[in-house]
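What follows is the residue order along each chain.
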Amino acid sequence: MRDLMGDLTGRIRHRRVNATEGILAGIILLYCVMVAAVNPAFLSVETLFDIVRSSSTAVIVGMGLLLVMLSGGIDVSFMSIALFGSYVAAYAMIRLKIDSLAFAFAVSIGLGTILGLVNALLVNWLNLPPFIVTLGTQNLFHGVMTTFISDKTFGAGVIPSALSKFGSATLFTLKTRQGVMGLTAAVIPMSIAVLLTWFIVSHTLVGRGVVAMGNSPESARRAGFNLLKLRLFAYGYIGALSAVMGVVYISQVNAVYPNKLVGSELMIIAGAVIGGVKDTGGRGKVLGVILGITIIYLLNSTLIFLGLSSSWNNFFVGTLLVASVGVTSWQNRRKNRKNLLFTE
Amino acid sequence: MSNLVLQARALSKKFVGVQALDKVSLGIETGTIHCLAGENGSGKSTFVKTISGLYQPDEGDILLNGNVYTGLTPVQAMREGVQVIYQDLSLFPHMSLAENIALNRLRLSGAKIVDWKKIWRIAKEQTEKIGVDIDLNATAMETSMAGRQITAICRALSQDAKLLFMDEPTAALTRQEVDRLLKVVQELKNKGLSVVFISHKLDEIFRISDNITIFRDGKKIGDFASGQLDEKSLAYHMTGRDVRYPRYRRSLGDDTPLLQVKGLNKQGHYQDVSFQIRPGDILGLIGLLGSGRTEFALSLFGLNPPEEGVVVFEGETVRVASPVEANRLGIALLPEDRGSQGLFKERGIRENVTSTLLGRLASGFRALDREKEREIAEEGVKKLRIRAPGIETPVGTLSGGNAQKVVVAKWSAANPKLFIMDSPTVGIDIGSKAEIYEMVQSFARGGMAVLFITDELEELMCNCNRVLVMGNHRIIAELDENAMTQSDAERRIADLIGGSAGKEVEV
Ligand SMILES: Nc1ncnc2c1ncn2[C@@H]1O[C@H](COP(=O)(O)OP(=O)(O)OP(=O)(O)O)[C@@H](O)[C@H]1O
Ligand SMILES: [Mg+2]
């Protein structure tokens, strides 16, 4: 019996990455069936489009997070960067009367990348845990913005029309009983982010270098990788994607607030962890992150269908997070015991 | 001078509290196999890492193919054709073996895009070249020590090396694999490559080396042509004294068995294993890796429980289902698979040595007794001659062999009734081996029972008063105390393991 168990776990472990994703997909499917059983209205194109729209921003930045976590680091300042980049871009557009979406993206991405590089340099120089460093820069970036640039709110009236148009743009529309439905144009930047990240992680040497560094910084150094460069790349990348996400976000809400976004990092980190990205680095997949984030947003937007209040959301996400972290640590403990390390 | 691929000139390197290299000058000729020998902590690995650009020497410079370097980087070293199989293997645990083998080469080639077909081609080519069969899809973490070592070897061979450093590449390999590896090394030499080979197994050194350089305490003692030395003089130069191994005879009067094992079975692991062991016995268990001996040893420690059979410990039938239980009964295991494991690298020697004792040292109010811990750790350091600045030195900074001595000290500190030692002297220098034998034998004289698993006949003969020979997953012979005192004992055992060696061993 034990042998069989050992055999099974061995096999599962072998295909662990796939297993994580399979389990998540299963959970999503099961949950959808359950919600649909309670409330058939759930099964509609409208809900699907809705979830895509609300999760698109998270997926974009989740891709950046994947890279940073693969490198063995973490970034909790990305929302601050997203806000910084998009706020400054919008502010400049309003002040300079430039009404161009390209300008918004260019300015935001430029700033976001710079702030990401600042994170990388600080992590490298201070030699402190990235969590501490980026917790600091989270406040620093936000503070710099509200103190030195502006802390005004810009509502629907003043927002440049290029942004509001992009926010409400749809790719194609469907006529349903509820009316005309469209798929948000945000799927374009989202798809680009997903494909690009997948390509970088699995088909470029920089990407493999980042993974190598997350596996073992010393071995990566011995292989001739420059750890500082890899770090600059990973943190710069999440900075750039955060900035993209910021522009998508202000377009969608059709307003610029100086204090939104910041503080909601943890949900996305939770999504990545639920999706099987290892917090100590070196392992994680694009699909996992997408599924992890999907679960969170699915819960978020379907509780109404179940007639539950939104406070249940935290409960479910928390349970999932604890479960996934618990399973990982249990697996670790088993492995450690096999290697005769007793940590308990 | 032009036939020197490497010339190190007066290299010095100091770490906190240790002069790891002290004005070492050394030349490696093109197309030769050059062995570095020296005790644990004498600076061999530090020398290697200095030449590969990982450490910057405090003084001295390095000539590679005639080019002078004072601040050599890893990439420069690789460009000059320096490749290293590091003692700690330096693998990426969550990456597949295929990628582990090929990534460094891709990196050096300056490729920007990863071609997975190429990765697989490189990996397959290399494993075929040295004729091994490993699961290239598995991650390094899921692979046995031998498999990892082979991966590291393949990785180094996959690149166009001019100078290949092999820092104890054979520590975890079976005899056949060692043979194959040494053959590959000879072939490389014939192709004009230079190989620097580090090993504590003297027979390997004499089998392949052209030149031997001996290190002691970070200094070079001398360069010798291989023919100038024999095992005895080499040992003398390494340690500065004559090394003699003590021979063990059991002297205890009490013959009640401590452990009886009857008909232990586990499909595919071991079959029909029966024997008994008394206090004061050092029962040798020899057999090639893959003969089932490690699987069997793990089962007595609760890690690989048998499907059938009876285990009687101190007169009571027991089921050892977990290491915790084994610990409670008084059974300890010094694992074979400990190259990088069994230790907390960032923690000090003291914490590591006493980590098996947590329960026991915790007095009533569960506070650890610091004073007692220090005593135990200091005793271990002294008895096993662990070379370290102090007992708080992080284990990660110790030399490979000294880290292994910490593992030995750790499991000895538990003072068990039955001590299972699986290859306790792998990677340990010949001088320190004597200390370990001394320690094991004094344990046995004090009434401990020891199950001593080893590959080396010499150490089997001097430590064990009884011997079991394992082959093909079962015990094929048992030599009792009487048989062991016969003059033909060593030959008999050698024939037995030679005979069971025919079967290919899977990694
Ligand atoms: N990174 C480091 N930090 C501090 N001390 C170190 C470091 N690396 C090596 N040392 C010390 O330098 C000395 C030489 O170590 P080295 O690893 O070169 O020995 P070695 O000859 O390879 O021994 P072994 O046969 O055990 O592998 C040791 O005393 C070791 O503790
Ligand atoms: Mg060494």
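None of the values given here were measured: they were computed from a predicted structure.

**Thoughts on the overall build of chain A**
When helices and strands are tallied, chain A shows 14 helices and 2 strands. Taking the principal axes of its C-alpha atoms as reference, chain A extends roughly 70 × 55 × 35 Å. In chain A, buried positions account for 49% of the 344 residues. Intrachain contacts of chain A at a sequence separation of at least 6 include 76% that bridge at least 24 residues. Summed over all atoms, the accessible surface of chain A reaches about 15700 Å², with 67% contributed by carbon and sulfur. Across chain A, the centroid of the 26 positively charged side chains sits 5 Å from that of the 12 negatively charged ones.

**Some words on the pattern of salt bridges**
Here the idea is simple: oppositely charged side chains can pair when their charged atoms come close. Residue and element names in this part refer to chain B. Throughout the structure, instances matching the rule amount to 31 salt bridges over all chains. In this structure, R385 and E39 form a salt bridge, with 3.1 Å as the shortest nitrogen-oxygen distance. Here E39 lies in the loop between strand 3 (33-38) and helix 1 (44-51) and R385 lies in the loop between helix 13 (370-383) and helix 14 (400-413), a separation of 346 residues in the sequence. Here R385 falls in the partly exposed class, since its relative accessible area comes to 35%. Given a relative accessible area of 14%, E39 falls into the buried group. Note that D223 and K220 form a salt bridge whose closest N and O atoms lie 2.6 Å from each other. Among the residues examined, K220 registers a relative accessible area of 29% and is labelled partly exposed. A network of salt bridges, in which partner residues are shared, links R250, D255, R278, D281, R466, E478 and E481.

**Digging into the nonpolar core**
By size, the foremost hydrophobic cluster in this structure holds 152 residues, and its most contacted members are L65 of chain A together with L234 of chain B. What L234 of chain B contacts, discounting residues up to four positions off in sequence, is A37, L202, I205, F206, I212, I214 and L229 of chain B. Counting residues in hydrophobic clusters, the runner-up holds 78 residues, among them I349, V408, L451 and M484 of chain B.

**Let's talk about the coordination of the magnesium ion (ligand 2)**
Residue and element names in this part refer to chain B. For the magnesium ion (ligand 2), every protein donor is listed as S45 (OG) and Q87 (OE1), and the spread of their distances is 1.9 to 2.1 Å. Linking S45 in helix 1 with Q87 in the loop between strand 6 (82-85) and helix 3 (97-109), this pair joins segments that are 42 residues apart in sequence. You can call S45 buried: its relative accessible area is 17%. For Q87, a relative accessible area of 24% gives the class partly exposed.

**Details of the sheet that holds strand 19 (residues 466-471) of chain B**
Strand pairing within a sheet occurs via backbone hydrogen bonds; the two strands may be parallel or antiparallel. All names here are of chain B. If you walk across this open sheet you meet the 6 strands as 16-17-18-13-19-20, and the pairing is mixed. Across the chains shown, the open sheet's two edge strands, defined by having one partner strand only, are strand 16 (331-334) and strand 20 (474-479). The average angle at which neighbouring strand axes cross in this sheet is 20°, direction not considered. Across 5 bridges, strand 19 lies against strand 20 in antiparallel orientation. Bridge pairing in strand 20 places G471 opposite R474. Each of strand 16 and strand 17 (418-422) is contacted by helix 14, which is oriented at about 175° to strand 16, the strand it contacts most.

**So, the site of ligand 1**
All names here are of chain B. Neighbouring residues of ligand 1: 21 residues in total, closest G41, S45, T46, S399 and G401. In this structure, Y55 approaches ligand 1 through a side-chain N or O atom, which is 3.3 Å from a nitrogen atom. Counting residues per element, the ones that place at least two in the shell around ligand 1 are strand 2 (18-29), helix 1 and helix 14. Residues of the shell around ligand 1, tallied by class, amount to 5 nonpolar, 13 polar and 3 charged. Built from parts of two domains, the shell around ligand 1 gets at least three residues from each of domain 1 (4-239) and domain 3 (346-414).

**Quick look at the packing of helix 5 (residues 101-126) of chain A against helix 7 (residues 161-168) of chain A**
Residues and elements named next belong to chain A. Orientation of helix 5 relative to helix 7, taken along the N-to-C sense of each, is 95°, at an axis distance of 8 Å. As far as their axial angle goes, helix 7 and helix 5 are roughly perpendicular. Along the contact surface, helix 5 presents L101, A104 and F105, while helix 7 presents A162, L163 and F166. Residues belonging to the contact of helix 5 with helix 7 are distributed by class as follows: 6 nonpolar, no polar and no charged.

**Describing the environment of L196 of chain A**
For L196 of chain A, the location among the structural elements is in helix 8 (residues 187-203). Each C-alpha atom of the pair L196 of chain A and S164 of chain A lies 26 Å from the other, and the pair is 32 residues apart in sequence.

**Here's the deal with the pairing of strand 10 (residues 219-225) of chain B**
Residue and element names in this part refer to chain B. Bridge count for strand 9 (residues 211-216) against strand 10 is 6 bridges, and the pairing is antiparallel. Pairing of R216 across the sheet is with K219, part of strand 10. Once strand 9 ends, the chain turns through 2 residues before running back antiparallel as strand 10, passing D217 with a positive phi of about 50°.

**Observations concerning helix 13 of chain B**
Residues and elements named next belong to chain B. Helix length check: helix 13 (14 residues) gives 20 Å between terminal C-alpha atoms against 20 Å at 1.5 Å per residue, within 8%. Among the residues making up helix 13, those that are buried are E373, I376, A377, G380 and V381. An end-on view of helix 13 places all buried positions within 135° of arc, on one side of the element. Count one or two residues on from helix 13 and you reach R385, which has phi positive near 50°.

**Focus: a nonpolar patch on the surface**
Residues and elements named next belong to chain A. A cluster of nonpolar side chains, namely V45, L171, F172, L174, I188, I192 and L196, defines an oily patch on the protein surface of about 580 Å² accessible area. Those elements that provide at least two residues to the nonpolar patch are strand 1 (170-176) and helix 8. Within the secondary structure, I192 sits in helix 8.

Parameters at a glance
- Residue positions within a chain follow its written sequence, with the count starting from 1.
- Each chain takes a letter, starting from A, and each ligand takes a number, starting from 1, following the order in which they are written.
- For this predicted model, a pLDDT threshold of at least 70 governs which residues receive local features, and a threshold of 80 or more governs which side-chain atom pairs are given and counted, while totals over whole chains, interfaces and linings are taken from all residues.
- The side-chain figures draw on all heavy atoms in the structure; neither hydrogens nor water molecules are used.
- Under the DSSP-based scheme used, a helix requires at least four consecutive residues in state H or I and a strand at least two consecutive residues in state E, with every element numbered from the N terminus.
- The cut-offs for exposure are 20% and 50% of the maximum accessible area for each residue type, with area from a 1.4 Å probe on protein chains only; residues under the lower value are buried, those over the upper are exposed, and the others partly exposed.
- Note on contacts: a residue pair is in contact if any heavy atoms of the two residues lie within 4.5 Å.
- Using the Shrake-Rupley algorithm and a 1.4 Å probe, accessible areas are obtained, with residue cover drawn only from the displayed protein chains.
- Charged residues are defined narrowly, with Lys and Arg counted positive, Asp and Glu counted negative, and His plus the chain ends left uncounted.
- Here the site of a charge means NZ on Lys, CZ on Arg, CG on Asp, or CD on Glu.
- A pairing counts as a salt bridge when a side-chain nitrogen of Lys or Arg comes within 4 Å of a carboxyl oxygen of Asp or Glu.
- Among the buried residues, those of types Ala, Val, Leu, Ile, Met, Phe, Trp, Tyr and Cys that are joined through side-chain atoms within 4.5 Å form a nonpolar core.
- We call an atom a donor if it is N, O or S and sits within 2.8 Å of the metal, or 3.2 Å for Na, K and Ca. Water is not counted, so some sites may look partial.
- Each pair of strands is called paired provided DSSP finds at least two bridges between the two strands.
- Axis angles are defined between N-to-C directions and span 0 to 180 degrees, where every axis is a line fitted to C-alpha atoms and, for a helix, only to the segment in contact.
- If a single non-hydrogen atom of a residue is within 4 Å of a molecule or strand, that residue counts as near it.
- Pairing of N or O atoms within 3.5 Å defines a polar contact, subject to two protein rules: one partner must be a possible hydrogen donor and the other a possible acceptor, and residues neighboring in sequence count only if both atoms are side-chain atoms.
- Here the term charged refers only to Asp, Glu, Lys and Arg, the term nonpolar to Ala, Val, Leu, Ile, Met, Phe, Trp, Tyr, Cys and Pro, and the term polar to all other amino acids, Gly among them.
- Note: domain ranges come from an automatic or database domain assignment.
- Under this scheme an angle from 65 to 115 degrees is roughly perpendicular, one under 35 degrees roughly parallel, and one over 145 degrees roughly antiparallel; angles in between are oblique.
- Between the first and last residue of a helix there are one fewer steps than residues, each counted as 1.5 Å, and that sum is the expected span.
- To be clear, the arc concerns the directions from the helix axis to the C-beta atoms.
- Nonpolar side chains (Val, Leu, Ile, Met, Phe, Trp, Tyr) within 5 Å and like charges within 9 Å form the patches, drawn only from residues with over 30% relative accessible area and no salt bridge.

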